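Now for the letters of each chain:
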Amino acid sequence: MTSHDADAELRTSTNRTFLVVVDDSDEMTKALRYACRRAQHTGGRVALLSVIEPAEFQHWVAVGDLMKEEAREEAEARVNELAAYVHEQTGAMPLLFIREGRLKDELLTLLEEEEQISILVLAAGTNSEGPGPLITDLTKSDTVGQLRLPLTIVPAALSEADIDALS
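Owing to the predicted nature of the structure, the values given are computational and were not obtained by experimental measurement. Counting starts from 1 at the beginning of each chain's written sequence and moves along it residue by residue. With the structure being a predicted model, the display of local features is reserved for residues of pLDDT at least 70 and the display and counting of side-chain atom pairs for 80 or more, all residues being used for whole-chain, interface and lining totals. With hydrogens and water excluded, all non-hydrogen atoms of the structure serve as input to the side-chain values.

Caption draft 1: Spatial organisation of the side chain of K30. Here K30 lies in helix α2 (residues 28-42). Of the buried charged residues, K30 lacks a salt bridge, with E160 as the closest side chain of opposite charge at 7.0 Å. N or O atoms closer than or at 3.5 Å make up a polar contact, with two conditions inside protein: a donor-capable atom paired with an acceptor-capable one, and, for residues adjacent in sequence, both atoms drawn from side chains. A distance of 2.4 Å separates the side chain of K30 from the backbone oxygen of L158, its partner in a polar contact. Contacts: residue pairs with any heavy atoms within 4.5 Å of one another. If sequence neighbours within four positions are ignored, K30 has contacts with A123, V154, A156, L158, S159 and I163. Here a helix means four or more residues in a row that DSSP labels H or I, a strand means two or more in a row labelled E, and each is numbered from the N terminus. Accessible area is worked out with a 1.4 Å probe on protein chains only. A residue is then buried under 20% of its type maximum, exposed over 50%, and partly exposed in between. Lys and Arg are tallied as positive, Asp and Glu as negative. Neither His nor the chain termini are counted. Here a salt bridge means any side-chain nitrogen of Lys or Arg lying within 4 Å of a carboxyl oxygen belonging to Asp or Glu.

Next comes the structure, spelled out in structure tokens:
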């Protein structure tokens, strides 16, 4: 093996994959920017997870199926929009994951299944109700202590310039 081959193997084996959970919150864009900047500066890549949660009202099966189909189409459109942003920021297409189920459960399952994911990046909200339901759920239980990877929480109060300087 040449020195060049060894260097390429080392870069490949140490590439980080930064997972961002896609939602409609304002703070999600902060987590995404941070993940893109870190990926760009470390030779890593970004992964996006969108979870379609079960509809609360499923009285009629046909209506429930239609709601699920519409939710999937919306999730795919949102993930594709964000994938274009990631590509613009990093020069690489992100890994895309769309799952159906409860957010925390699907997130934890994905982290178990996809060993290439090395860092979970979330952003904390700024409202008085706390950092957000996922961060609260992950940190109030023993879940965060059992994660196999670091959890990075980006404060939503950071500006784009702050995020760029930190990452």
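Caption draft 2: Representation of helix α5 (residues 133-140) in the model. Listed in full, the buried residues belonging to α5 are L134, I135 and L138. Taken around the axis of α5, the buried residues stretch over an arc of 95°, which confines them to a single face. Exposed side of α5, more than 90 degrees from the buried face: P133 and K140 are the residues found there. In this description, one arc is meant: the one made by directions from the helix axis to the C-beta atoms.

Caption draft 3: A look at helix α4 (residues 103-113). Residues of α4 that are buried include every one of K104, E106, L107, L110 and L111, and no others. Viewed along the axis of α4, the buried residues span an arc of 165°, placing them on a single side of the element. Buried residues along α4 sit against β1 (17-22), β2 (45-52), β3 (95-100), β4 (119-124), α5 and α6 (143-146).

Caption draft 4: Representation of the pattern of salt bridges within the structure. Tallied over the full model, the rule gives eleven salt bridges. Across the pair D137 and K104 runs a salt bridge, and its minimum N-O distance is 3.9 Å. Here D137, found in helix α5, pairs with K104, found in helix α4; they are 33 residues apart in sequence, far enough to count as distant. The network of salt bridges with shared partners includes R33, R37, E160 and D164.

Caption draft 5: Fine view of the confidence of the model for the protein. Per-residue confidence for the protein gives a mean pLDDT of 87; residues scoring 70 or more make up 86%. Confidence of the prediction at every residue is given by pLDDT, a number between 0 and 100. When pLDDT is averaged over each helix and strand of the protein, the minimum, 45, is found for helix α1 (residues 3-14) and the maximum, 98, for β1. Taken together, the stretch residues 1-13 has pLDDT below 50 and engages in two contacts with residues farther than four places along the chain or on a different chain.

Caption draft 6: Summary view of the sheet that holds β2. Spatial ordering of the open sheet is given by β3-β2-β1-β4-β5, a layout of five strands whose pairing is parallel. Lying at the two open borders of the sheet, with one neighbouring strand each, are β3 and β5 (151-155). The sheet shows a mean angle of 25° between the axes of neighbouring strands, taken without regard to direction. Pairing between β4 and β5: five bridges, direction parallel. Bridge pairing in β5 places L120 opposite L151. Along the sheet face, α2 touches β1, β2, β4 and β5 and points at about 165° away from the line of β1. Axes here refer to lines fitted to C-alpha atoms; in helices the fit is confined to the stretch in contact. Angles between the N-to-C directions go from 0 to 180 degrees. Docked against the sheet, α4 engages β1, β2, β3 and β4, running at close to 135° with respect to β3. Pairing between strands requires that DSSP locate at least two bridges from one strand to the other.

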